[in-house]
Amino acid sequence: MCSVVVVSCFTFTFVLYFFISRLLHISLRSKMPVQAPPSEWELKPDEIKLIQKRAQLRATTKAEFLKRYRNPFYHSVPGHFIDPQNVRLYAYQQNSFRYLYTSPRILLAPGLFLLAGTLIQYIVQKNRIKYNDDCNAGKIPYANRPDFNAYL
């Protein structure tokens, strides 16, 4: 009986957390600004040349990477392939907290877990005190009391 209550409380807590997180996620997404399409960016000719140069560099490094990646004798070729874009990506990943940012949603799961645990503990303790008072008052005879030492 108690395990069914615990499982149902944890299931309810998980479902509640899931729906609340989805609700917060949808409400946060709806507040994000809409980005203009590239045709409306109003780029200067110098900026367009820089973008084309970056695209050409990216295509060159990608071709070099694929050439080395598809080489069956890769381990016999000396040297390392260094892509500046990957270096920047790894530096960003090492110096940023993408998943552990300050938000009320971070405290939602531990809070619901503690709330469910406190509620279960309160119910169990209340029933134990009532059972103990009934035993002390003589309402439950000795024959009906469980012998917990028999299970050890």
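It should be emphasised that the depicted structure is a prediction, and the values quoted were computed from it without experimental measurement.

1. Notes on the overall build of the chain
Argument step 1. Helices and strands together make up the secondary structure of the chain, namely four helices and zero strands.
Argument step 2. Listing the helices and strands of the chain from first to last along the sequence gives α-α-α-α.
Argument step 3. Residues classed as buried in the chain amount to 9% of the 152 residues present.
Argument step 4. Considering only contacts within the chain whose residues lie at least 6 apart along the sequence, 48% involve residues at least 24 apart.
Argument step 5. Surface accessibility of the chain: about 14,400 Å² in total, with carbon and sulfur atoms responsible for 65%.

2. Focus: the confidence of the model for the chain
In regions of low pLDDT, the predicted coordinates are not meant to be interpreted in detail.
Argument step 1. Put simply, the chain has an average pLDDT of 77, and 62% of its residues get 70 or more.
Argument step 2. For the chain, helix 1 (residues 2-30) is the element with the lowest average pLDDT, namely 56, and helix 4 (residues 108-137) is the one with the highest, namely 94.

3. Some points on the pattern of salt bridges
Argument step 1. Under the definition given, this model contains one salt bridge.
Argument step 2. A salt bridge links Glu 64 to Lys 67, with the nearest nitrogen and oxygen atoms 3.8 Å apart. You can see Glu 64 and its partner Lys 67 sitting in helix 2 (residues 45-69), three residues apart, about one turn around the helix.

4. Examining a nonpolar patch on the surface
Argument step 1. A surface patch of nonpolar side chains, amounting to about 340 Å² of accessible area, comprises Trp 41, Leu 43, Ile 48 and Ile 51.
Argument step 2. With respect to the helices and strands, the residue Ile 48 is situated in helix 2.
Argument step 3. Owing to a relative accessible area of 36%, Ile 48 belongs among the partly exposed residues under this scheme.

5. Quick notes on the packing of aromatic side chains
Argument step 1. One pass over the structure, following the stated rule, counts zero aromatic pairs.
Argument step 2. Cation over ring: Arg 145 sits above Tyr 142, and NZ or CZ is 4.4 Å from the ring centre.

6. Focus on the environment of Asp 83
Argument step 1. Tracing the backbone through its elements, the reader meets Asp 83 in the loop between helix 2 and helix 3 (84-94).
Argument step 2. Sequence separation between Asp 83 and Arg 58 is 25 residues; the distance between their C-alpha atoms is 9.0 Å.

7. Comments concerning the side chain of Asp 134
Argument step 1. Tracing the sequence through the fold places Asp 134 in helix 4.
Argument step 2. Here Asp 134 is buried and forms no salt bridge, its nearest opposite-charge partner Lys 130 lying at an N-O distance of 4.0 Å.
Argument step 3. If we ignore the near neighbours within four places in the chain, the residues touching Asp 134 are Lys 139 and Ile 140.

8. A few points about the side chain of Thr 61
Argument step 1. As for its position among the elements, Thr 61 is in helix 2.
Argument step 2. Taking the relative accessible area as the measure of exposure, Thr 61 reaches 17% and is therefore buried.
Argument step 3. Separated by 2.9 Å, the side chain of Thr 61 and the backbone oxygen of Arg 58 make a polar contact.

9. Things to note about helix 4
Argument step 1. Taking 1.5 Å per residue as the helical rise, helix 4 with its 30 residues ought to reach 44 Å, and the 43 Å between its terminal C-alpha atoms agrees with that figure.
Argument step 2. For helix 4, the full list of buried residues reads Leu 108, Leu 112, Ala 116, Ile 120, Asp 134 and Cys 135.
Argument step 3. Among the residues trailing helix 4, Gly 138 stands out with phi positive, at a value near 85 degrees.

Rules used in this analysis
Residues numbered from 1 in each chain as written. Predicted model: local features only at pLDDT ≥ 70, side-chain atom pairs only at ≥ 80, totals over all residues. Heavy atoms only, no water. Helix = DSSP H or I, 4+ residues; strand = E, 2+ residues; numbered from the N terminus. Buried < 20%, exposed > 50% of the residue type's maximum accessible area, 1.4 Å probe, protein only. Contact = heavy atoms within 4.5 Å. Areas by Shrake-Rupley, 256 points an atom, 1.4 Å probe, with all protein chains shown as cover. pLDDT = per-residue confidence, 0-100. Salt bridge = Lys/Arg side-chain N within 4 Å of Asp/Glu carboxyl O. Patch = residues over 30% accessible without salt bridge, like charges linked within 9 Å, V, L, I, M, F, W, Y side chains within 5 Å. Phe/Tyr/Trp six-rings, centres within 6.5 Å; stacked < 30°, edge-to-face > 60°. Lys NZ or Arg CZ within 6 Å of the ring centre and 35° of its normal. Lys, Arg positive; Asp, Glu negative; His and termini not counted. Polar contact = N/O pair within 3.5 Å; in protein donor to acceptor, adjacent residues only side chain to side chain. Expected span 1.5 Å × (residues − 1).

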